[in-house]
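Geometric and topological summary
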Amino acid sequence: MLKKLQAIGLCMVLTILSGCWSSRELTDMAIATALGIDKEGDRIKVTVQVINPSENAGQSFTSRTAVTTFTTTGDTLFESLRRLTTLTPRKLYLSHIRIIIFGEEYAKQGIADSLDFISRDHEMRTDFHFAIARGYGAQDIVNILTPIEKIPANKIFSTLESSQDFWAPTKVVQLDELISSMTSKGKEAVLTELLILGDLNKGSNIENVQSVPSYTSIKSSGLGVFHNEKLVGWLDENESRGFNMITDNVHDTVGVVPCGNKGNLTIEAYKNSTEMKGSIRGDTPNITVNFTAEANLADISCTIDFTKQKTIKKYEEKLAEEAKNVMKDSLEKARDLEADIFGFGELLSKSNPKKWKKIEEEWANIFVNDLNVDFKADVNIRRTGTTTQPFLDNISKKKQEE
Amino acid sequence: MFKAFSVLLGAGLVFILDYRSLKANKKWDRRVYIVIFAISLGVWMLYIFNVQFPYVIQVVEKIYNPIFDSFNQKLEQKQSFRVH
Amino acid sequence: MIEKGKIDARQFTILVVMYTLGTSIIAIPSTTASYAQENAWITVLLTSLIGLLIVFLLNQVNKINHHKNIFELFEYVFGKWVGKGITVFFLLFVFIVAGKNLRQIGDFMTTHVLVETPIQVIMLIFVLTSLYGVKLGLEVISRTGEIFFPYAFFSLVLMIIFVAPQAEFKNIQPIMVNNTEGAFLTIFPTLGTPYFELVVFLAILPYVNRIGPGKKSFYIGVGIGSLLLFAVTLMSLLVLGPDFSARNVYPTYILGKKISGVQFLERIEILVAIAWFFTIFFKITINFYVLSLGMSHLFNLKTTKVLSTPLAFLLIIAGLYLAPNLIAYQNFLAHDLAPFAGTFGILLPFILILTARLRKINKKKKKRRKNKRF
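These numbers come from a predicted model, not from an experiment.

What counts, and at which threshold
- Residues numbered from 1 in each chain as written.
- Chains lettered and ligands numbered in written order.
- Predicted model: local features only at pLDDT ≥ 70, side-chain atom pairs only at ≥ 80, totals over all residues.
- Heavy atoms only, no water.
- Helix = DSSP H or I, 4+ residues; strand = E, 2+ residues; numbered from the N terminus.
- Rg over C-alpha atoms; globule rule 2.2 N^0.38 Å.
- Buried < 20%, exposed > 50% of the residue type's maximum accessible area, 1.4 Å probe, protein only.
- Areas by Shrake-Rupley, 256 points an atom, 1.4 Å probe, with all protein chains shown as cover.
- Lys, Arg positive; Asp, Glu negative; His and termini not counted.
- Charge placed at Lys NZ, Arg CZ, Asp CG, Glu CD.
- Contact = heavy atoms within 4.5 Å.
- Buried area = accessible area lost by both parts, 1.4 Å probe.
- Salt bridge = Lys/Arg side-chain N within 4 Å of Asp/Glu carboxyl O.
- Polar contact = N/O pair within 3.5 Å; in protein donor to acceptor, adjacent residues only side chain to side chain.
- 1 Å grid on protein atoms, 1.4 Å probe; cavity = no way out; pocket = protein on both sides within 12 Å on 5 of 7 lines; lining within 4 Å.
- Points joined across faces, edges and corners; volume = space filled by probe spheres on them.
- Nonpolar A, V, L, I, M, F, W, Y, C, P; charged D, E, K, R; others polar.
- pLDDT = per-residue confidence, 0-100.
- UniProt positions renumbered as here; feature names shortened; annotations may be inferred.
- Expected span 1.5 Å × (residues − 1).
- Patch = residues over 30% accessible without salt bridge, like charges linked within 9 Å, V, L, I, M, F, W, Y side chains within 5 Å.

1. Brief notes about the overall build of chain B
Regarding its fold elements, chain B presents three helices and zero strands. Relative to the compact-globule value of 12 Å for 84 residues, chain B shows a C-alpha radius of gyration of 22 Å, a clear excess of over 25%. Its C-alpha atoms give chain B principal-axis dimensions of roughly 60 × 35 × 20 Å. Here chain B holds 84 residues, and the buried ones make up 33% of them. Accessible surface for chain B amounts to roughly 5,700 Å². Of this, 67% is attributable to carbon and sulfur atoms. Treating the 11 positive side-chain charges of chain B as one cloud and the 5 negative ones as another, the clouds have centres 10 Å apart.

So, in structure tokens, the structure goes:
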């Protein structure tokens, strides 16, 4: 009798321990990869890009698209996401989101209300990136199909990462950084912009990935500047590069200066670092930005003598001057927008916490008018690539002789 | 009702299986066991029928708050996102 | 003596480490960061130094009589009936602490991992596992500790290493300039979670097979635990920043989510969860064990395991009726836990020592021992 009871007891335990209580099978989930958030009147419009599983796994592919999108509106982000269940065949699974895109109009009215849900929800991770759709709604970007990467969200994700690594003007921003720069008193947030090139309407059609040059593509080149939670303006490509140089966010980039009579000298700067120092002397805050780069010659289209140390020196100085100008332009633009995106205020609050307390309230004003920023730049050309002297020189000599 | 029934059933099962292990013990041991078991089951029943007890932390708070209130007020001043 | 088992010093160290980490590893970064902001790591550092002083105090209590556990000491020092009365209150304290731990793991699981599972079921599973441990006795619990300790320890260490590249030193600057008072004030509530609760080890310390190393291992255990706590808090501040650490309920888990430096090492935040399951399992089991032991002393029962089954089910209720919601619970952690735990964790040992001194129990004992030796 007891043995039997024990057996029954064990069986009951088994049902608890199998661990399937809140399990969700892969076939019950709609895996979301990108989230687009727009404003529609007072309501929030959400567009979700969902993976079409049969197109991404398995042997036989049909002519269906790799992803599909759903759009709905609601008073809050969470409400609209839940309302999506009336459209999607399965419940959304948000853990694999790669990118969250805000529409320009929505970003101008403030993105804080959706960030709360994003940081509160347990399915949301923190490793996705944020971007703003410049000139368009987020929906338009989420709807575009991309070549090479089947899943457009992955394409945007890797575009952002690779262009941050090899081309300076973009920046990937993750949730914790975004929130802390929005809440911090001496810093403002930036987010990468996304542009649509080409015909918007053709982008969501499968033909977009069937022809060799795509009709429509997504590009990221500059940065959107925030003041608190609101988008206030844009940095163009060069200003964004300056921003990244100041904030020590450049891994590998390209620099161009004119050389000789006509033509350009291009370098690949591969080891960039910036040191920012803040101090408050008397009442005037000072910032020194010290940029150093190591570079390789990459592309020369002029006739100069590169065997001489003097020439190298001269172009190193020219490049440094160019770097300084880029950084200055970026600062000017930020001052126009009255947004301390570089975190100068935060820097001062760390280096001179007591004096910072006094100027904290008027910081916005001080940043625009009184702040003294010194830029220093130092570029060292280390190698010349696989060749030394450009052959263009010889061509032009040959021309003269003829 | 179903919940109460299943709790009773579970309790019965646990009792039969567990009480057996006490056979070698003294009578006193078994008596204490039955009393504590009854208390446990009683509390579970109250829980099942949604009888409100005061929450533990509210009781603790009532005892300690008079002494530590000023300290806690001071601490709360340092809270990083206190609403002004 | 009710417990006949013996454990060795190393096993005792492991139990202490597990107990110290138990709930604190996931709760402390958030509470300290919200009151001490960027100085939270200093708070944790200072707290752990005070923690070692508390261990000193507890060892002094044990010195009254090496062979008696805390329940026997109560009766030995205060006399039978007063001793029993104090035992009742002490057991109530252990009961609430065990219920609290159960509630914490339940809350964590329902927030982050198994969202749709009822909290009662999670608590039931945890308490049943602990019950099994308690039934098997102290020796088995300690040996299980030896098996699981490396997993818990290394998954935490690995997590710290993996997130280290993302650390930004500027997050903890300026050091001790703003809000210094807050950093010192926060020491008190921080002491509440692991250090004042360490008093339960007075019920286990007598069962360490050699007394000298047992005391030393108490220090070592608290030391290792505190070091890990400190490292996790520091990393949480460095990587997430004080603001984000304070805003999250479980910043340690979010820290785990940040691991993504190397391509193939992504999404391993469950490492943190694993470390926490193991440590909190031991915390619950130790509290539960001490509770059963105390009940057996209170009612003069033959073994510890007699009352463990009904107590297990009572613990679930204690966890459920601990707090109405998470916010109330967090307020409790910050405001009332430290005084509550302090009453038993520091005031009671103090009174024990003082009474023992006044009644000269210590000296008598020594004389008797001397006589024996000759």
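2. Points about the interface of chain A and chain C
If you look at the interface, chain A gives 23 residues, while chain C gives 26 residues. For the pairing of chain A and chain C, the buried interface totals around 2,300 Å² over both sides, and the portion due to carbon and sulfur atoms is 53%. In this structure, the salt-bridge partner of A:E346 is C:K170, at a minimum N-O distance of 3.3 Å. At the boundary of chain A with chain C, the tally comes to six residue pairs in polar contact (both at pLDDT 80 or more). Among the elements that make up the side of chain A that touches chain C, the one with the highest residue count is helix α8 (residues 175-183) of chain A (four residues).

3. Let's talk about empty space enclosed by the protein
All names here are of chain C. Evaluated as defined, the whole model comprises two cavities of 30 Å³ or more. In this structure, the largest cavity spans a volume of roughly 120 Å³. The wall of the largest cavity is formed by 13 residues, among which A27, Q104, Y250, Y329 and Q330 lie closest to the centre. Of all the elements in the fold, those that place two or more residues in the lining of the largest cavity are α2 (24-36), α5 (80-113) and α14 (326-335). Tallied by class, residues from the lining of the largest cavity come to eight nonpolar, four polar and one charged. Taken as a whole, the second largest cavity encloses approximately 60 Å³ of empty space. Contributing to the lining of the second largest cavity are A27, I28, T31, P189, T190, T193 and L333. Counting only elements with at least two residues in the lining of the second largest cavity, the list comes to α2 and α9 (187-192). In terms of residue count, the dominant contributor to the lining of the second largest cavity is α2 (three residues).

4. Considerations on the confidence of the model for chain A
With 96% of its residues at a pLDDT of 70 or more, chain A shows a mean pLDDT of 85. Looking at the elements of chain A, mean pLDDT is at its lowest for helix α2 (residues 53-56) of chain A, recorded as 73, and at its highest for strand β5 (residues 99-103) of chain A, recorded as 92.

5. Thoughts on the UniProt feature "transmembrane region" (unreviewed entry) in chain B
Mapped onto this numbering, the UniProt entry annotates "transmembrane region" (unreviewed entry) at residues 32-49 of chain B. End C-alpha to end C-alpha, residues 32-49 of chain B measures 26 Å, and it is 94% helix and 0% strand.

6. Re the layout of surface pockets
Computed from the structure, the second largest pocket encloses a volume of approximately 2,000 Å³. A:V13, B:V14, C:L124, C:L128 and C:F313 are the residues nearest the centre of the second largest pocket, which is lined by 45 residues in total. Counting only elements with at least two residues in the lining of the second largest pocket, the list comes to α1 (2-17) of chain A, α1 (2-19) and α2 (27-48) of chain B together with α6 (119-136) and α13 (308-320) of chain C.

7. Considerations on the side chain of A:S240
Residues and elements named next belong to chain A. Examined against the element boundaries, S240 turns out to sit in helix α11 (residues 237-246). Here the side chain of S240 touches L223 through a polar contact of 3.2 Å, landing on its backbone nitrogen. Not counting residues within four places of it along the chain, the set of residues in contact with S240 comprises P169, S221, G222, L223 and L235.

8. Details of the UniProt feature "coiled-coil region" (unreviewed entry) in chain A
Here, UniProt's "coiled-coil region" (unreviewed entry) annotation points to residues 312-340 of chain A. Summarising residues 312-340 of chain A: 86% helix, 0% strand, and an end-to-end C-alpha distance of 36 Å.

9. Brief notes about the interface of chain B and chain C
At the junction of the two partners, chain B supplies 37 residues and chain C supplies 46 residues. Of the roughly 3,900 Å² buried at the junction of chain B and chain C (both faces included), carbon and sulfur atoms supply 70%. On the chain B side of the interface with chain C, the three residues burying the most area are B:Y47, B:I57 and B:K78, jointly 17% of the side's total. On the surface where chain B and chain C come into contact, there are three salt bridges. Where chain B packs against chain C, one counts 16 residue pairs in polar contact (both at pLDDT 80 or more). The biggest single contributor to the side of chain B that touches chain C is helix α3 (residues 56-77) of chain B, with 13 residues.

10. Some remarks on α6(C)
All names here are of chain C. Over its 18 residues, α6 runs 26 Å from end to end, which matches the ideal 26 Å to within 8%, given 1.5 Å per residue. Every buried residue belonging to α6 is among I119, V121, I122, M123, F126, V127, S130, L131, G133 and V134, and all of these are buried. A positive phi of about 100 degrees marks G137, the residue just after α6.

11. Some points on a nonpolar patch on the surface
Taken together, the side chains of B:M1, B:L46, B:F49 and B:V51 present a nonpolar region at the surface, about 410 Å² in accessible area. Secondary-structure assignment places B:V51 in the loop between α2 and α3.

12. As for the side chain of A:K171
All names here are of chain A. Examined against the element boundaries, K171 turns out to sit in the loop between α7 (152-166) and α8. Within the local environment of K171, its side chain forms a polar contact with the side chain of E177, the two groups lying 3.2 Å apart. Ignoring sequence-local partners within four residues, the contact set of K171 consists of Q164, E177, V190, T192, L223, F243, N244 and N249.

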